[in-house]
Amino acid sequence: TFSLSRAGFIEEPERKYCFECDSEEQCQEWIEALKRASYEFMRRSLIFYRNEIQKMTGKDPLEQYGISEEARFQLGTHK
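The following paragraphs examine the structure supplied in this document. Computed from a predicted structure; not experimentally measured.

Conventions adopted
Residues numbered from 1 in each chain as written. Predicted model: local features only at pLDDT ≥ 70, side-chain atom pairs only at ≥ 80, totals over all residues. Heavy atoms only, no water. Helix = DSSP H or I, 4+ residues; strand = E, 2+ residues; numbered from the N terminus. Buried < 20%, exposed > 50% of the residue type's maximum accessible area, 1.4 Å probe, protein only. Contact = heavy atoms within 4.5 Å. Areas by Shrake-Rupley, 256 points an atom, 1.4 Å probe, with all protein chains shown as cover. Disulfide = S-S within 2.5 Å. Expected span 1.5 Å × (residues − 1). Salt bridge = Lys/Arg side-chain N within 4 Å of Asp/Glu carboxyl O. Phe/Tyr/Trp six-rings, centres within 6.5 Å; stacked < 30°, edge-to-face > 60°.

**Comments concerning the overall build of the protein chain**
Part 1 of the argument: Per the secondary structure count, the protein chain includes two helices and two strands.
Part 2 of the argument: When the elements of the protein chain are put in sequence order from the N terminus, they spell out β-β-α-α.
Part 3 of the argument: Residues counted as buried form 16% of the 79 residues belonging to the protein chain.
Part 4 of the argument: At a minimum sequence separation of 6, the contacts of the protein chain that also span at least 24 residues come to 32%.
Part 5 of the argument: Of the roughly 6,700 Å² that the protein chain leaves accessible, carbon and sulfur atoms contribute 55%.

Right under this line is the structure:
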């Protein structure tokens, strides 16, 4: 069993989500899935794939969306 709370959120700051699993393995799978769904994981994945595409094509794939210079999508920056 593990739980998540929404501390820091404006609406329902005391709300808590409880997860009950049949095994330790299932619990770890849930925790990993929740980590992968996080903003920071997605940001790092975007940076990685952006750099890979740029290496392969020589072009910044985000340039067409007008966000090529946006700091939060640059390697080594923090949110």
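**Thoughts on the state of the cysteines**
Part 1 of the argument: Counted under the stated rule, the structure contains zero disulfides.
Part 2 of the argument: With no disulfide of its own, C21 lies closest to C27 among cysteine sulfurs, the gap being 4.6 Å.
Part 3 of the argument: In this structure C21 comes out as buried when scored by relative accessible area, which is 15%.
Part 4 of the argument: Assessed through its relative accessible area of 8%, C27 is described here as buried.

**A look at helix α2 (residues 39-57)**
Part 1 of the argument: With 19 residues, α2 should cover 27 Å at 1.5 Å per step; its first-to-last C-alpha distance of 26 Å lies within 8% of that length.
Part 2 of the argument: In the segment just after α2, G58 is the residue with positive phi, at about 80 degrees.

**Considering the pattern of salt bridges**
Part 1 of the argument: Using the criterion set out here, one finds five salt bridges in the structure.
Part 2 of the argument: In this structure, the salt-bridge partner of K35 is E32, at a minimum N-O distance of 3.5 Å. Placement of the pair is K35 and E32 together in helix α1 (residues 24-36), with a separation of three residues, close to one helical turn.
Part 3 of the argument: Owing to a relative accessible area of 48%, K35 belongs among the partly exposed residues under this scheme.
Part 4 of the argument: For E32, a relative accessible area of 35% corresponds to the partly exposed category.
Part 5 of the argument: Between R43 and E40 there is a salt bridge; the shortest N-O distance is 3.0 Å. Within this pair, R43 and its partner E40 are both found in helix α2, separated by three residues, close to a single helical turn.
Part 6 of the argument: Each member of the salt-bridge network shares a partner with another, and the members are E40, R43 and R44.

**Focus on the packing of aromatic side chains**
Part 1 of the argument: Enumeration over the complete set of coordinates arrives at one aromatic pair.
Part 2 of the argument: On the basis of an interplanar angle of 80 degrees and a centroid distance of 5.0 Å, the ring pair of F48 and Y49 is categorised as edge-to-face.
Part 3 of the argument: Taking relative accessible area as the criterion, Y49 reaches 53% and is therefore assigned exposed.

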